[in-house]
Amino acid sequence: MVTKAPEASPQDTADRPETPLEAELRRLAGSVPDPELPVLTLEELGVLRAVHCLNPGSVEVELTPTYTGCPAVEAMSTDIERVLHERGIPDVTVRRVLAPAWTTDDITDEGRRKLREFGIAPPRAVREHQGPVTVTLSPTRTTPPTHTAADAAAATLLGAPEAGDAPLRCPHCGSTDTELLSRFSSTACKALRRCLDCREPFDHFKEL
Amino acid sequence: MTTSLNPASSADADAVTAAAALALGDDALVLSHRLGEWAGHAPVLEEEVALANIALDLLGQARVLLSLVGDEDELAYLREERAFRNVQLVEQPNGDFAHTIARQLYFSTYQRLLYGRLAETDGPLAGLAAKAVKEVAYHQDHAEQWTVRLGDGTAESHDRMQQGCDALWRHTGEMFQPVDGIDIDWPEIEASWTASVTAVLERATLAVPEGPRTGAWSAGAGRQGLHTEPFGRMLAEMQHLHRSHPGASW
């Protein structure tokens, strides 16, 4: 079952080192494929926070959603319960935790490689940044942004999602010449882009 | 949480938190439903998907917030109109696409500021706020870009965008009525909101609407359970399946 207890509930087990059994169960739970992006495991997606053995036969798993409304969380929970039941753990509780908030920086390097191979441009590193960030307002279908003084002025006031200055590459041909078609795609976590060199459309895992 | 000279009992503190969660949860739930009404009607496929994704984010936030109050399904489907605590802005009908974008601009700007400040507190809603603020940043970006595109577009799109902004202006004041249990600087949020929205409207070659931000009849009304006429019909549609078939599942 998925419990929605507030994330702050203290865990007696949280402060002690992970036991060998917990490590084994965490690897097992972490090997479950993501229901929407089956090339990735939950471990690679970075959503599996911890596995605690509460007492013999009773295990609590901490799972964090990518997006608050991500409908895949329930399927993930069911899959985790199944693999742990199969390992012989009769009592499995999957607890959803929100804090600290998941970020795309939690996706592992191996996860990023697999995303690219799957045809999805992986998220760029999320810049550690507090306060206003630079944003360029432009038409919906954008070519690479041009920064003007007016943009900079607007940016100071507005702030918006922005991920560093790293180029975004087409996962098919590697070109950095791409345009945004829609900032929301097949799922909330992806944007739809098109490569201006090979002309292929592709999903981009948005920075969060 | 507000600090008090008399240490509040934990039950009181829980009640205050629940009231705050109900207000924010109802905002998210009601706007989510309104955006969901666009399914099958959006002007282009990309917007169909975008509005549905924004609605899904809001629904996820609503589920977390309402679960702090009680049973999420009972709260969503079995409350009467007067028991909802959302601001009136989010219950306003979709209108045309520009009207929806104006509502998105006003609300996402507010919600992002609110969640951003809330995330900096150590209150019980800080965890959800820190998570949701990152999602709402994309909603605000979406609304701002469309506001600019429509406002600075054709004469027709400009007029419609202006009409949407004007029509909803009288519902914007209510958002800054302090909510019990959310200890943030409300006047500062209002000032930031005004600066942010003004900058976008000017960039979109639109006029900042004039006229009152609230009517005497509407000041703070949604948070007190008083809603506008279209809300009842929206709720009837949202709740009818659950009420007609109690306990149904598939």
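Small disclaimer: the values here were computed from a predicted structure and weren't measured.

Asker: What am I meant to see in the overall build of chain A here?
Answerer: When helices and strands are tallied, chain A shows 5 helices and 8 strands. Secondary structure elements of chain A, listed N to C terminal, follow the sequence β-α-α-β-β-α-β-α-β-α-β-β-β. A buried classification covers 50% of the 208 residues belonging to chain A. Restricting to contacts in chain A with at least 6 residues of sequence separation, those with at least 24 account for 58%.

Asker: Help me understand the packing of helix α6 (residues 126-151) of chain B against helix α8 (residues 186-203) of chain B, please; the structure alone is not making it clear to me.
Answerer: Two numbers describe a pair of packed helices, the interaxial angle and the distance between the axes. Residues and elements named next belong to chain B. Relative orientation of the contacting elements α6 and α8 amounts to 35°, with a least axis distance of 8 Å. α6 and α8 meet at a crossing whose hand is right-handed. Together, Gln140, Glu144, Thr147 and Val148 of α6 and Ser196, Val200, Leu201 and Arg203 of α8 make up the contact between the two elements. For the contact of α6 with α8, the class distribution of residues is 3 nonpolar, 3 polar and 2 charged.

Asker: Could you clarify how one ought to interpret unusual backbone geometry in this entry?
Answerer: Glycine aside, negative phi is the norm for most residues, and most peptide bonds take the trans geometry. Of the consecutive residues alanine 99 of chain A and proline 100 of chain A, the connecting peptide bond is found in the cis state with omega at -5°. A positive phi angle, near 70°, is found at arginine 199 of chain A, a position not held by glycine. One can find arginine 199 of chain A in the loop between β7 (190-195) and β8 (201-205). Unlike most non-glycine residues, threonine 205 of chain B shows phi in positive territory, near 60°. With respect to the helices, strands and loops of the structure, threonine 205 of chain B is situated in the loop between α8 and α9 (229-244). Overall, threonine 205 of chain B belongs to the partly exposed group, its relative accessible area being 42%.

Each value, and the rule that gives it
- Residues numbered from 1 in each chain as written.
- Chains lettered and ligands numbered in written order.
- Predicted model: local features only at pLDDT ≥ 70, side-chain atom pairs only at ≥ 80, totals over all residues.
- Heavy atoms only, no water.
- Helix = DSSP H or I, 4+ residues; strand = E, 2+ residues; numbered from the N terminus.
- Buried < 20%, exposed > 50% of the residue type's maximum accessible area, 1.4 Å probe, protein only.
- Contact = heavy atoms within 4.5 Å.
- Axes fitted to C-alpha atoms, helices over the stretch in contact; angles between N-to-C directions.
- Left-handed = near helix turned anticlockwise from the far one by under 90°.
- Nonpolar A, V, L, I, M, F, W, Y, C, P; charged D, E, K, R; others polar.

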